[in-house]
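For reference, the chains in residue letters:
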Amino acid sequence: MVNLISDTVTKPTKEMLDFMMSANVGDDVFKNDESTNALEVKVARFFDKEAALFFPSGTMANQTAIKLHTEPGDQVICDHYSHIFNYEGGGASFNSGVSCKLVKGDRGRISATQVKQAINPPDFYHSPKTRLVSLENTTNKGGGACYELQEIKAIKGICTKHQLAFHLDGARLWNALVAKNHDPKDYGAQFDTISVCFSKGLGAPIGSALLGSKTLIEKALRIRKILGGGMRQVGYLANAASFAMDYHFERLAIDHRKAKELSEALESIKWVHSVEPTETNIVIFNIDTVDFSADHIISEFKKYHIELIAMDSTKLRFVTHLDYSDQDHNHVLETLKNMASL
Ligand SMILES: *Cc1c(COP(=O)(O)O)cnc(C)c1O
């Protein structure tokens, strides 16, 4: 099977496993795990933030960030496609007692103008207090779209003016950095907190980090504990993340090229209604429902040993990744070519 359902399906390579086994572990709840401490320093430096904290999941890192920046009753501005709203089990309301003001952006990206319009007037006590703006880069449901730095800087300006905290869900920020050739330090300079995943394109089996100021990350440690995310000899996993940063970051360009080639091949298939712009490793395409359902398409691809997922009844998604070999890619391109000639 060629599995293109997500970039989370990758398995650790032999080299990654070797480096994991070489970890220098201790009890991380007592902050005595050297490999985890080293990873936290390394990822904080990479984005030029003061501190970082290792998390078991991106969801827990995002949820911690929301908790850090808000009080119950507050409101968070985010895109209607955002992961924090759609795919974290309602955690924003469950953990922090906040609501989300959903903005309809462009493929998951919201603009500075939209942010400005979404802020509730602070003296109007009938509406929730706007406290936090949360962006996602790259966007997940938006098909891997990337922000322009200019737009992020404009939104930061609005946050500063209105005293709003600014969080980035950077689960796939690595992909944006490679695709846009952006400097990670520019992101560190704009956001109060950033979450990054090691378990998506970078190919680690588990792990995320939350980055921020020393003060914020000290508070995050307590929240992570409350959420049940205190871990013990976790350096084995921190080493997987560290290895992923060193060896699986720049190669993301390969995933992006393959995604672009899939996207182009899909364009020539009759029952493909449209393919969304492909900027990184996510390819989203829409089908003509008159002829087919998404389930039918999935079972057709299964006959060729290719797995993809439906985003809804007319939207399908491929995600390229580390374990998607050149041979797999040729097979998928060949299959798409055959489908186009039918
Ligand atoms: C994957 C992902 C997360 C984190 O998800 P986990 O499964 O909890 O690691 C957060 N945000 C986005 C945009 C994601 O794609």
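Residues numbered from 1 in each chain as written. Predicted model: local features only at pLDDT ≥ 70, side-chain atom pairs only at ≥ 80, totals over all residues. Heavy atoms only, no water.

Quick look at the overall build of the protein chain now. Scanning the protein chain from N- to C-terminus turns up 14 helices and 13 strands. For a compact globule of 342 residues, the expected C-alpha radius of gyration is about 20 Å, and the protein chain comes in at 20 Å, within 12% of that figure. Projected onto its principal axes, the C-alpha positions of the protein chain cover 60 × 55 × 35 Å. Among the 342 residues that make up the protein chain, the fraction classed as buried is 54%. In the protein chain, the share of contacts with a sequence separation of at least 24, taken over all contacts with a separation of at least 6, comes to 75%. Here the protein chain holds 38 positive side-chain charges and 42 negative ones, and the gap between their average locations is 4 Å. (Helix = DSSP H or I, 4+ residues; strand = E, 2+ residues; numbered from the N terminus. Rg over C-alpha atoms; globule rule 2.2 N^0.38 Å. Buried < 20%, exposed > 50% of the residue type's maximum accessible area, 1.4 Å probe, protein only. Contact = heavy atoms within 4.5 Å. Lys, Arg positive; Asp, Glu negative; His and termini not counted. Charge placed at Lys NZ, Arg CZ, Asp CG, Glu CD.)

Turning our eyes to something else, we now look at the sheet that holds strand E6 (residues 165–170). Strand order in the open sheet formed by seven strands is E2-E8-E7-E6-E5-E3-E4, with mixed pairing between adjacent strands. Edge positions in the sheet fall to strand E2 (51–55) and strand E4 (99–103), since each has one partner strand and no second. With strand direction ignored, the average angle separating the axes of adjacent strands in the sheet is 20°. One ladder, built from four bridges, connects strand E7 (residues 193–197) with strand E8 (residues 208–212); its direction is antiparallel. Within E8, the residue paired with Ile194 across the bridge is Leu211. Helix H10 (residues 214–226) contacts E2, E7 and E8 of the sheet and is inclined by roughly 20° relative to E2. (Pairing = 2+ DSSP bridges. Axes fitted to C-alpha atoms, helices over the stretch in contact; angles between N-to-C directions.)

Bringing the environment of Pro184 into the picture now. Mapped onto the secondary structure, Pro184 falls in helix H9 (residues 184–190). Sequence-wise, Pro184 and Phe124 are 60 residues apart; in three dimensions their C-alpha atoms are separated by 38 Å. The residues contacting Pro184, other than those within four sequence positions of it, are Phe46, Phe47 and Leu177.

Now for the pattern of salt bridges. What the rule picks out here adds up to 17 salt bridges. For Glu40, the salt bridge goes to Lys31, with nearest N and O atoms at 3.1 Å. Under the relative-accessibility criterion, Lys31 is labelled partly exposed at 28%. Here the residues in one salt-bridge network are Asp28, Lys31, Glu40 and Arg224, joined through shared partners. (Salt bridge = Lys/Arg side-chain N within 4 Å of Asp/Glu carboxyl O.)

On to the site of the ligand. Taken together, 13 residues sit near the ligand, with Thr59, Asn140, Asp169, Arg172 and Lys200 positioned nearest. Take Gly58: an N or O atom from its main chain is 3.0 Å from an oxygen atom of the ligand. Measuring from an oxygen atom of the ligand, one finds a side-chain N or O atom of Thr59 at 2.6 Å. Expressed as a share of its isolated accessible area of 380 Å², the protein-covered part of the ligand is 83%. Here the element with the most residues in the shell around the ligand is helix H3 (residues 58–69); it accounts for three residues. Residue classes in the shell around the ligand are distributed as two nonpolar, six polar and five charged. (Near = heavy atom within 4 Å. Polar contact = N/O pair within 3.5 Å; in protein donor to acceptor, adjacent residues only side chain to side chain. Areas by Shrake-Rupley, 256 points an atom, 1.4 Å probe, with all protein chains shown as cover. Nonpolar A, V, L, I, M, F, W, Y, C, P; charged D, E, K, R; others polar.)

Once that is clear, we can look at the environment of Ile254. Mapped onto the secondary structure, Ile254 falls in helix H12 (residues 252–267). Taking C-alpha positions, Ile254 is 9.7 Å from Thr280, a pair spaced 26 residues apart along the chain.

Spatially, the four strands line up as an open sheet ordered E9-E10-E13-E12, and their pairing is antiparallel. The open sheet is flanked by strand E9 (272–275) and strand E12 (309–310), the only strands paired with a single partner. Examined bridge by bridge, strand E10 (residues 282–287) and strand E13 (residues 315–319) share five bridges and lie antiparallel to one another. What sits directly across from Asn286, in E13, is Lys315. In this fold H12 packs onto E9, E10 and E13, with an angle of close to 15° to the strand it touches most, E10. Helix-sheet contacts for helix H13 (residues 294–303) involve E10, E12 and E13, and the interaxial angle to E13 is about 35°.

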